[in-house]
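# Fold and contact review
Here's the letter readout for the chains.
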4 protein chains.
Amino acid sequence: MGPPPPYALGANRYGKAEVRVLRVDRATPRHALADLSVTSQLTGDFEAAHVAGDNAHVVATDTQKNTVYAFARDGIGAPEEFLLRLADHFTGSFAWVTGGRWTAEQYAWSRIAVGDTGHDHAFTRDGGEVRTAAVVRDGDATTVLAGLKDLVVLASTGSEFVGFPRDRFTTLPEATDRILSTSVTARWRYGGAVAYDEAYAAARTAMLEAFADTHSLSLQQTAYAMGSAVLDAVPEAVEIRFSMPNKHHFLVDLAPFGLDNPGEVFSAADQPYGLIEASVLREGAEPAGAVWASAAGFC
Amino acid sequence: MGPPPPYALGANRYGKAEVRVLRVDRATPRHALADLSVTSQLTGDFEAAHVAGDNAHVVATDTQKNTVYAFARDGIGAPEEFLLRLADHFTGSFAWVTGGRWTAEQYAWSRIAVGDTGHDHAFTRDGGEVRTAAVVRDGDATTVLAGLKDLVVLASTGSEFVGFPRDRFTTLPEATDRILSTSVTARWRYGGAVAYDEAYAAARTAMLEAFADTHSLSLQQTAYAMGSAVLDAVPEAVEIRFSMPNKHHFLVDLAPFGLDNPGEVFSAADQPYGLIEASVLREGAEPAGAVWASAAGFC
Amino acid sequence: MGPPPPYALGANRYGKAEVRVLRVDRATPRHALADLSVTSQLTGDFEAAHVAGDNAHVVATDTQKNTVYAFARDGIGAPEEFLLRLADHFTGSFAWVTGGRWTAEQYAWSRIAVGDTGHDHAFTRDGGEVRTAAVVRDGDATTVLAGLKDLVVLASTGSEFVGFPRDRFTTLPEATDRILSTSVTARWRYGGAVAYDEAYAAARTAMLEAFADTHSLSLQQTAYAMGSAVLDAVPEAVEIRFSMPNKHHFLVDLAPFGLDNPGEVFSAADQPYGLIEASVLREGAEPAGAVWASAAGFC
Amino acid sequence: MGPPPPYALGANRYGKAEVRVLRVDRATPRHALADLSVTSQLTGDFEAAHVAGDNAHVVATDTQKNTVYAFARDGIGAPEEFLLRLADHFTGSFAWVTGGRWTAEQYAWSRIAVGDTGHDHAFTRDGGEVRTAAVVRDGDATTVLAGLKDLVVLASTGSEFVGFPRDRFTTLPEATDRILSTSVTARWRYGGAVAYDEAYAAARTAMLEAFADTHSLSLQQTAYAMGSAVLDAVPEAVEIRFSMPNKHHFLVDLAPFGLDNPGEVFSAADQPYGLIEASVLREGAEPAGAVWASAAGFC
């Protein structure tokens, strides 16, 4: 192949994705579950691997997977704490690993309703909403992000959309009473250590209450209100980002069938959808663009 | 093209699938939601359409969709009742429509927790589990099926699998304490009219309690126990069918890392999976194979 | 729990689903691939397992999976042949296994275009369309079904839909030049042994040519034409079934923007969709409803 | 609610996602198709919308959708060109729109094989692989990214993985002849204008040939080789990023069944998977982290 082409290795990271681990706490006959999908990716000096096929620095993705399972033996705790343990391990064990990205999805389970307090060891999985966590480390800087996704909400009134500009391509009528529905994906960044489970619960509650109690003039305004509510409720949160599809519900025109439709029958469409993305920052918070870029996709 | 080929039209049905309808009950400021995906398919004399391209009998799928929305104007009620109204309409309005298959998925919503009784018009969608309903009509025979799908359950103990035959290809060790997990798809057939919402709730509860309380010797045995419990709890149910993947959870071997693993750390695998399908019939129930075939897929 | 409830075990089957096997033919440096997802389910005398938790008859699903891999050692051949080998093995090895259902999806790969004949051992996977096969055995009766799914086709003209009945709920205008698009799922039943790969190729070609060359008066008529073409092309095929969504493409109304739209700009909608299901039988073919029910879903 | 909380609006963008547009070129009876899913998101001064519910700047997402359809009336051309037209329109028409992100997926269709040159107006959709394009504008800076996703490749030999570090958690044996398979997602950034369709074709070919011809010491090395090949083949490309899952194929241990397995029978697992992400830059190329962050997800 001749000499290697004169191209530079740019940003890179690698690891094992979607390691599904279920941890059963059997300390008493009343079991408890921690059910996660964990992804571990390392950054550091991996140039020789890419350019020369020298794997001396390549901690195998299989090894990363094994480490997840081994660490689960001692318990999981909050997902943020589990990811921090992984980050410390990998950056502490291999001199050339200077950072990485560790993420988790956590699936919730409820006890099957038998007796007053639910069954000891039989559960149903709560569908839909998923808790997320991410730890991004770059040298000395470590950032913890908490979040959730697939939290579908709907307000059957209390939402309008008026006053928007009209151009040649505008046909949408103004709406003074519409359905507002979205599937919330949110991530918030902590400025420091926090009781992760309690902070998560507080953030989630604040977000839902803000959605419910805001008379919405747009999904943008609702997003800002939800973000502000989280920053109010969780002092350690310094920034929050939302990605929220506007799940359109169209009032069906029943007039051809001789029927009125006073806000009662809607068709739901999956596609296309509005896509509202916005962030809210505590005053004085440092920007963290690189962290967000790392938490999201690579390309 | 010359004369038509001498082939016979066989079984056929057609209609509109996945009509997403949201009905908001606004009778009082405390709104209520009915959120369904409805499929309507007609059977009858459609030979000319297939063989000769004569559409005189082809009630347009668009018309079927419109009918769903128009009927929703009067309220949805139990999904089984809504489907029966559709069945009566189509078979009653078009002489050549002698039957059909109408199915629905219903998505549940919960009020956002604000105050003592939850918000009046803001909701979160319950993920995962979906209620299903089907009406199959063939001439004078009408069958109503109720069901659910995507109900994921797990027992962290109380499950074993021993005593199975061993041949040349058997490597699975016997297990005296394993995790049992499945995603329940169930449909049950009613022998006559019933209070559909109450019967659904009773069947679901019976099924879950049987899963929780059965010391499982196999998923087959658990399925039979769950089916029996439904027949016990709902006298109008005459037959129940389950399709249940055995969602394998493997105890991770931590010995290479110097760790024991006394039933605590499991890896979950999506694929491949066991697939257990079984039905339980009330004594004396007539077989209904054609109904089940109609409710399931066409090919 | 007291005596077992007096309920009868009905139809049942069980096994391992979605066993992903890749077989590399390395007989020469020019490798060849067979890439399948195989499902094996057994029927027979499994009453004791369900009713009494006695697993003496339960050939473990893990054993069924192992058998798939072991049999692949000798080569796969046509997927129908591979499934027949599995059927013979299971019904021949266990007296109480009297039948079953074995299905496969086969994924196609093409050689990466290097040189005149493509690379010896580097491939790209052909997306979309998947070949399917099924063997259904019930005692002495064995049926072989071949098929495909996810074959998306579109005709940009040569399709109309007129002459359908109009009722109170009909708003659809007649269309004399519309787009016709569907994702073909088809299965056909063989009356006897056949050269499976050649028959598959002939059926697929016949189906596509019929779609292309039929001036369509409805998707029903197109389905019948496609089925007839397969029966013409493959003498051993005695019946064919189609399940075809009508993937609607709507002409966008550009008039509000001062533009015409002479059949050029369409929006595509995933949901809802028409669903056309039809079968075509060779004259004199015996009905095979139970086989089709078995090939399709259980509930 | 009292005074608004003192929080700052951070990064934000909004628009319409997944607008499915099919453009039929009917200039001659030999039709041609352009089939895209387009997303349009605007950035600029949208603070009042978020903070005060003032929509005077909010170009409705419905308007953005309409604009996509209206612009398609004049033809689509290369997807990059279509997105640039949209970018110019929105930033040129609304003073407060200072940038945005426009992306497209393009689905390919092939003529059904009838006669020597294929059918004039009947097509099959090529599954799997999807072409992608993105335009990111921020004030005066406009970046064009081209790419593809879901291109699944496999090498049945010519891949090894040895020499990686071993720690307490390492159990993976070294492999001197393994299967290498991945689903390529790639995006590359152009430094200036280019003939987009030709450049896309050249990049795709270079990438595939590099995959096929590289004796792989790791997927990282293969990624670097693929990226280098694209930079060689397309002078206007200044940077390329890959996200590639390592789709593991495990050699099945057939020894318990008395069989050898000389690299012939593999099981494929979807989960977990290795995830290799890497970029290659032309020497002297300016970093473009913000562009990549914008092209990828928001949070």
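Throughout, a residue's number is its position along its own chain's written sequence, starting from 1. Whichever chain is written first is A, and whichever ligand is written first is 1; the rest continue in order. Where local features are concerned, this predicted model is filtered to residues with pLDDT of at least 70; where side-chain atom pairs are given and counted, the filter is 80 or more; whole-chain, interface and lining totals use all residues. Water and hydrogen atoms were dropped before computing side-chain values, which therefore reflect all heavy atoms in the structure.

### Some remarks on the overall build of chain A
Cut-off, in case you're wondering: Secondary structure follows DSSP: runs of H or I at least 4 residues long count as helices, runs of E at least 2 residues long count as strands, and numbering of each begins at the N terminus. Exposure classes here rest on a 1.4 Å probe applied to the protein chains alone. A residue is buried below 20% of its type maximum, exposed above 50%, and partly exposed in between. Two residues qualify as a contact provided that any one of their heavy atoms is within 4.5 Å of a heavy atom in the partner residue. In this count, Lys and Arg are taken as positive residues and Asp and Glu as negative ones, while His and the chain termini are left out. Here the site of a charge means NZ on Lys, CZ on Arg, CG on Asp, or CD on Glu.
Helices and strands together make up the secondary structure of chain A, namely 6 helices and 12 strands. Reported as C-alpha extents along the three principal axes, the dimensions of chain A are approximately 75 × 65 × 40 Å. In chain A, buried positions account for 61% of the 299 residues. Within chain A, contacts between residues at least 6 apart in sequence are counted, and of these 65% link residues at least 24 apart. Of the side chains in chain A, 24 bear a positive and 37 a negative charge, and the two mean positions are spaced by 6 Å.

### Focus on the interface of chain A and chain D
Where we set the bar: Accessible area, probed at 1.4 Å, shrinks when two parts are joined; the buried area is that loss added up over both. Salt bridges are counted wherever a side-chain nitrogen of Lys or Arg sits within 4 Å of a carboxyl oxygen of Asp or Glu. For this analysis, a polar contact is any N or O atom pair within 3.5 Å, provided that within protein one partner can donate a hydrogen and the other can accept it, and provided that sequence-adjacent residues contribute only side-chain to side-chain pairs. When DSSP finds at least two bridges between two strands, those strands are taken to pair.
Contacts between the two partners involve 82 residues from chain A and, on the opposite side, 82 residues from chain D. Here chain A meets chain D over a buried area of about 7,100 Å², counting both sides, of which 58% is carbon and sulfur. For the pair chain A and chain D, the interface holds 2 salt bridges. One can count 37 residue pairs in polar contact (both at pLDDT 80 or more) joining chain A with chain D. Among the elements of the structure, β1 (7-25), α1 (47-52), α2 (61-72), β8 (180-190), α5 (219-233), β9 (237-246), β12 (273-282) and α6 (289-295) of chain A are those that each provide at least two residues to the side of chain A that touches chain D. Pairing of β1 of chain A with strand β12 (residues 273-282) of chain D involves 9 bridges; the strand directions are antiparallel. Residue pairing for β12 of chain D: R13 of chain A is matched across the bridge by E277 of chain D.

### Re the pattern of salt bridges
Counting across every chain of the model gives 64 salt bridges over all chains. We note a salt bridge from R20 of chain C to D35 of chain C, for which the minimum N-O separation is 2.7 Å. One end of the pair, R20 of chain C, is in strand β1 (residues 7-25); the other, D35 of chain C, is in strand β2 (residues 32-44), and 15 residues separate them in sequence. Accessibility assignment for this pair places R20 of chain C and D35 of chain C in one class, buried. R73 of chain C serves as the salt-bridge partner of D260 of chain D, at 2.8 Å between the closest nitrogen and oxygen. Of this pair, D260 of chain D sits in the loop between β10 (249-251) and β11 (265-268) while R73 of chain C is found in the loop between α2 (61-72) and α3 (79-93), placing the two residues in two different chains. According to the relative accessible area criterion, R73 of chain C is buried, its value standing at 15%. Via salt bridges that share partners, R23 and R73 of chain A together with D260 and E264 of chain B belong to a single interconnected network.

### A closer look at the packing of helix α4 (residues 196-213) of chain D against helix α5 (residues 219-233) of chain D
Residues and elements named next belong to chain D. The line we're drawing: Note on method: axes are straight lines fitted to C-alpha atoms, helices fitted across the in-contact stretch only, with angles between N-to-C directions ranging 0 to 180 degrees. What makes a crossing left-handed is the near helix being turned counterclockwise from the far one by less than a right angle; a clockwise turn instead makes it right-handed. Residue classes follow a fixed rule: Ala, Val, Leu, Ile, Met, Phe, Trp, Tyr, Cys and Pro count as nonpolar, while Asp, Glu, Lys and Arg count as charged, and any other residue, Gly among them, counts as polar.
For the pair α4 and α5, the least separation of the axes is 8 Å and the interaxial angle reads 145 degrees. For the pair α4 and α5, the crossing hand works out as right-handed. In contact with A202, A203, A206, M207, A210 and F211 of α4, α5 contributes T222, A225, M226, A229, V230 and A233. Here the contact of α4 with α5 is built from residues that sort into 11 nonpolar, 1 polar and no charged.

### Regarding unusual backbone geometry
Of note, the amide linkage connecting Q271 of chain A to P272 of chain A takes the cis form, showing an omega dihedral of -10 degrees. Position of P272 of chain A among the secondary structure elements: in the loop between β11 (265-268) and β12. Even without glycine at this site, D150 of chain A takes up a positive phi of about 65 degrees. Along the chain, D150 of chain A turns up in strand β7 (residues 141-155). The phi angle at E18 of chain D is positive, at roughly 60 degrees, despite the residue not being glycine.

### Let's talk about the relation of the copies chain B and chain A
Definition in use: To superpose the copies, least squares is applied to the C-alpha atoms of every residue with a pLDDT of at least 70 in both.
Overlay of chain B on chain A (RMSD 0.0 Å): rotation 180 degrees, translation along the axis 0.0 Å. Classification of the inter-copy transformation places it as that of a two-fold axis. Considering only C-alpha atoms, the part of chain B nearest the rotation axis is G127 of chain B, at 2.0 Å. The fraction of interface residues of chain B whose copies in chain A are also interface residues reaches 100%, indicating that both copies meet through the same surface.

### Re the packing of aromatic side chains
The test is simple: Here the aromatic set is Phe, Tyr and Trp, taking the six-membered ring for Trp, and pairing holds for ring centres within 6.5 Å; pairs whose planes are under 30 degrees apart are stacked, those over 60 apart are edge-to-face, and all others are tilted. Note on criteria: charge over ring means Lys NZ or Arg CZ within 6 Å of the ring centre, with the direction from the centre no more than 35 degrees off the ring normal.
According to the stated counting rule, one finds 32 aromatic pairs over all chains in the structure shown. With centroids separated by 6.4 Å and ring planes inclined at 10 degrees, the aromatic side chains of F90 of chain A and W102 of chain A adopt a geometry described as stacked. Linking F90 of chain A in helix α3 (residues 79-93) with W102 of chain A in strand β3 (residues 97-107), this pair joins segments that are 12 residues apart in sequence. A residue is classified by how much of its surface remains accessible, and F90 of chain A, at 0% relative accessible area, is buried. Taken together, a centroid distance of 5.7 Å and an interplanar angle of 65 degrees make the contact between Y190 of chain A and Y196 of chain A edge-to-face. The exposure class assigned to Y190 of chain A is buried, which follows from its relative accessible area of 5%. Y196 of chain A gets classed as buried once you look at its relative accessible area, which sits at 8%. Here the aromatic cluster, defined as three or more aromatic residues joined through ring pairs, consists of F71 of chain A, F257 of chain B together with F169 of chain D. Directly above the aromatic system of Y107 of chain B lies the positively charged group of R125 of chain B, at a separation of 4.4 Å from the ring centroid. In this structure, R131 of chain D packs its charged tip against the face of Y200 of chain D, placed 4.5 Å from the ring centre.

### Examining the environment of L217 of chain C
Assignment of secondary structure puts L217 of chain C in the loop between α4 (196-213) and α5 (219-233). By relative accessible area, L217 of chain C is classed as partly exposed at 23%. For the pair L217 of chain C and D138 of chain C, spaced 79 residues apart in sequence, the C-alpha separation works out to 40 Å. In this view, L217 of chain C contacts A52, G53 and N55 of chain B together with E160 and F161 of chain C; residues no more than four positions away in its chain are not counted.

### Quick look at α3 of chain A
All names here are of chain A. Inclusion rule: To estimate the expected span of a helix, count its residues, drop one, and scale the result by 1.5 Å.
Relative to the 21 Å expected for 15 residues at 1.5 Å per residue, α3 spans 21 Å between its end C-alpha atoms, a close match to the ideal helical length. Among all positions in α3, only P79, E80, F82, L83, L86, A87, H89 and F90 are buried. Tucked inside the fold, the buried residues of α3 contact β2 (32-44), α2, β3, β6 (130-138), β7 and α4 (196-213).

### Topic: the relation of the copies chain A and chain D
For these two chains of identical sequence, chain A goes onto chain D by a turn of 180 degrees and a shift of 0.0 Å along the axis, with RMSD 0.0 Å. Mapped onto chain D, 100% of the interface residues of chain A are again interface residues, and the two copies thus contact each other with one and the same surface.

### Focus on the confidence of the model for chain A
Under the convention used in this document: Confidence scores here are pLDDT values: one per residue, from the predictor, ranging 0 to 100.
Here chain A shows a mean pLDDT of 96. Residues at 70 or above account for 98%. Confidence estimates for the predicted assembly give a pTM of 0.96 and an ipTM of 0.95.

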